[in-house]
Amino acid sequence: MKLESKNISIDIAGKSIVKDISISASKGEFVGIIGPNGCGKSTFLRSIYRAIKPKSGTIYLDGKDISKISFKESAKRVAVVGQFNNVNFDFTIEQMVMMGRTPYKRYMDRENKEDYDIVYEALKKVNMEKHSSRSFSTLSGGEKQRVLLARAMAQQSEMLILDEPTNHLDIKYQLQILGIVKSMGIGVIAALHDLNLAIMYCTKLYILKNGQVIAYGKPEDILTKELIRDVYEVECDIEKKPLNKHMYIKYHPNKSLL
C-alpha cells in the first residue's frame with residue numbers, strides 16, 4: 001500500500017496553516033513528520049485521516065483519491081493513534097479495542113469469535129490482555145496509549161497514523177510504543193517531537209516550518225546542526241556512531257537563561 005499527499009494546503013479561521021505539502025509513505029516505511037510547535041504537523045495529519053478537509057490538494061491511497069472512497073473503506077486501510085486519550089464514557093479495555101472492528105461491521109451486526117480473537121491478539125501484543133475488563137479511564141497515560149494502539153491493530157489496517165503519540169509519556173513507554181509500531185511492518189506516518197526518537201525509528205523524515213516542508217530524506221542525510229538551529233532556534237552537536245550506525249543530538253542550554 002502507498003499513501004501520498006499532493007500539494008495539501010489547509011486554512012483555519014482564514015489563516016494559512018498548511019502550505020502545499022506533498023509526502024509519501026509505503027508499506028514498511030516509518031515516516032516522521034517533525035518541526036516546532038505550531039508548524040502544522042497535527043493539522044496536516046488530520047487531513048490525511050479525514051478529520052478536516054484541505055483547502056486544496058489531494059490524498060491518494062494506492063493512486064486513488066481518498067475523497068472518492070467511503071469513510072468505512074478508508075478506515076479499513078488507515079488507522080489512527082492520536083495524542084489525546086480522554087473519553088466521555090466508561091468503556092472497558094476490551095470495549096475500546098473492539099471499536100477497531102467497527103469498519104468491518106454492518107448496522108446491528110454483533111461481535112463474533114473472529115472479532116474477539118483479533119482483539120485479544122492485539123491486546124496480547126501490547127501486554128494488556130490480562131486487564132481486558134478494567135476501565136479505560138483508570139489507566140495511566142502509557143497504558144492508555146497501548147490500548148489505543150491495540151485498537152488500531154484490531155482495524156488490521158495497512159497504514160498507521162500517529163499524531164504525537166509519545167509527547168506526554170515517560171521514556172519507557174515512548175520506546176515501548178514506537179518499538180511495537182516498528183515491529184508491525186506496516187506503513188507508518190508519525191508526527192514526533194523528540195528528534196532522537198525520530199532518528200532511532202524513522203526511515204524518512206519530513207521537516208516542517210511555518211506550515212511548509214523545508215527538507216526531507218533519511219535522518220542521517222538531512223539533520224544537521226545548521227538545520228536544527230534554523231528550525232528549532234537551538235544550538236546542538238550531532239554525534240555519529242559508526243558501530244551501530246546511529247546518530248545522536250546533544251542540545252546546548254541557552255546560557256543567557258542560566
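Notes on the structure follow.

Scoring rules and cut-offs
- Residues numbered from 1 in each chain as written.
- Predicted model: local features only at pLDDT ≥ 70, side-chain atom pairs only at ≥ 80, totals over all residues.
- Heavy atoms only, no water.
- Phe/Tyr/Trp six-rings, centres within 6.5 Å; stacked < 30°, edge-to-face > 60°.
- Helix = DSSP H or I, 4+ residues; strand = E, 2+ residues; numbered from the N terminus.
- Lys NZ or Arg CZ within 6 Å of the ring centre and 35° of its normal.
- Salt bridge = Lys/Arg side-chain N within 4 Å of Asp/Glu carboxyl O.
- Axes fitted to C-alpha atoms, helices over the stretch in contact; angles between N-to-C directions.
- Parallel < 35°, antiparallel > 145°, perpendicular 65-115°, else oblique.
- Left-handed = near helix turned anticlockwise from the far one by under 90°.
- Contact = heavy atoms within 4.5 Å.
- Nonpolar A, V, L, I, M, F, W, Y, C, P; charged D, E, K, R; others polar.
- Buried < 20%, exposed > 50% of the residue type's maximum accessible area, 1.4 Å probe, protein only.
- Pairing = 2+ DSSP bridges.
- Core = buried A, V, L, I, M, F, W, Y, C linked by side-chain atoms within 4.5 Å.

A few points about the packing of aromatic side chains
As enumerated under the stated definition, the model contains one aromatic pair in all. Arranged with centres 5.5 Å apart and planes meeting at 15 degrees, the rings of Tyr 206 and Tyr 216 form a pair that is stacked. Highlighted residues: Tyr 206 in strand S9 (residues 204–209) and Tyr 216 in strand S10 (residues 212–217), separated in sequence by ten residues. Sitting over the face of the ring of Phe 71, Arg 50 holds its NZ or CZ atom 4.0 Å from the ring centroid. Here the guanidinium or amino end of Arg 101 rests over the ring plane of Tyr 104, the centre of that ring lying 4.3 Å away.

Let's talk about the pattern of salt bridges
Tallied over the full model, the rule gives 16 salt bridges. In this structure, the salt-bridge partner of Lys 55 is Asp 11, at a minimum N-O distance of 3.2 Å. In this pair, Lys 55 is assigned in the loop between helix H1 (41–48) and strand S4 (56–61) and Asp 11 in strand S1 (residues 2–12), connecting sequence segments 44 residues apart. With its nearest N and O atoms 3.1 Å apart, the salt bridge here joins Glu 239 to Lys 250. Residue Glu 239 is located in strand S11 (residues 236–241), and its partner Lys 250 is located in strand S12 (residues 246–251); the two are separated by eleven residues in the primary sequence. A single salt-bridge network, built from bridges that share partners, covers Lys 2, Glu 4 and Lys 6.

Quick word on the packing of helix H4 (residues 113–125) against helix H5 (residues 141–154)
Look at H4 against H5: their axes get within 8 Å of each other, and the N-to-C directions meet at 140 degrees. What the angle tells us is that H4 and H5 run oblique. Seen along the crossing, H4 lies across H5 with a hand that is right-handed. Here Ile 118, Ala 122, Leu 123 and Lys 125 of H4 come into contact with H5, specifically with Ala 150, Met 153 and Ala 154. When the residues that make up the contact of H4 with H5 are grouped by side-chain class, the tally is six nonpolar, no polar and one charged.

Topic: the environment of Val 97
Tracing the chain through its elements places Val 97 in helix H3 (residues 93–98). Counting along the chain gives 51 residues from Val 97 to Leu 148, while the straight-line C-alpha distance between them is 6.9 Å.

Points about the packing of H5 against helix H6 (residues 171–183)
Running from N to C, H5 and H6 point in directions that differ by 10 degrees, and their axes come no closer than 10 Å. With respect to H6, the element H5 is oriented roughly parallel. Here Gly 142, Gln 145, Arg 146, Leu 149 and Met 153 of H5 come into contact with H6, specifically with Tyr 173, Gln 176, Ile 177, Ile 180 and Val 181. Taken together, the residues of the contact of H5 with H6 sort by class into six nonpolar, three polar and one charged.

Things to note about unusual backbone geometry
Unlike most non-glycine residues, Asp 20 shows phi in positive territory, near 60 degrees. Secondary-structure assignment places Asp 20 in strand S2 (residues 15–26). Under the relative-accessibility criterion, Asp 20 is labelled partly exposed at 49%. You will see that Gln 156, though not glycine, has its phi angle at about 55 degrees, which is positive. Structurally, the position occupied by Gln 156 is in the loop between H5 and strand S7 (159–163). You can call Gln 156 partly exposed: its relative accessible area is 44%.

Remarks on the sheet that holds S10
Strand order in the open sheet formed by six strands is S6-S7-S8-S3-S9-S10, and the pairing between neighbours is mixed. The open sheet has two edge strands with one neighbour each: strand S6 (78–81) and S10. Strand-to-strand twist of the sheet, defined as the mean angle between neighbouring strand axes without regard to direction, takes the value 15 degrees. Here strand S3 (residues 30–34) runs beside S9; their pairing, made up of four bridges, is parallel. Bridging from a neighbouring strand, Ile 33 pairs with Tyr 206 of S9. Along the sheet, H5 makes contact with S6 and S7, crossing S6 at roughly 175 degrees. Sheet contacts for helix H9 (residues 225–232): S3, S9 and S10; angle to S9, the most-contacted strand, approximately 40 degrees.

Quick look at the nonpolar core
Ranked by size, the top nonpolar core spans 52 residues in total, and within it Phe 30, Val 97, Leu 149, Leu 160, Leu 162 and Leu 223 carry the most contacts. Ranked by residue count, the leading element in this core is H5, at seven residues. In contact with Leu 223, not counting residues within four places along its chain, are Ile 34, Ile 199, Leu 205, Ile 207, Ile 228, Ile 238, Met 247 and Ile 249. In this structure, Ile 48, Ile 59, Val 78 and Ile 189 belong to the second largest nonpolar core, which totals 25 residues.

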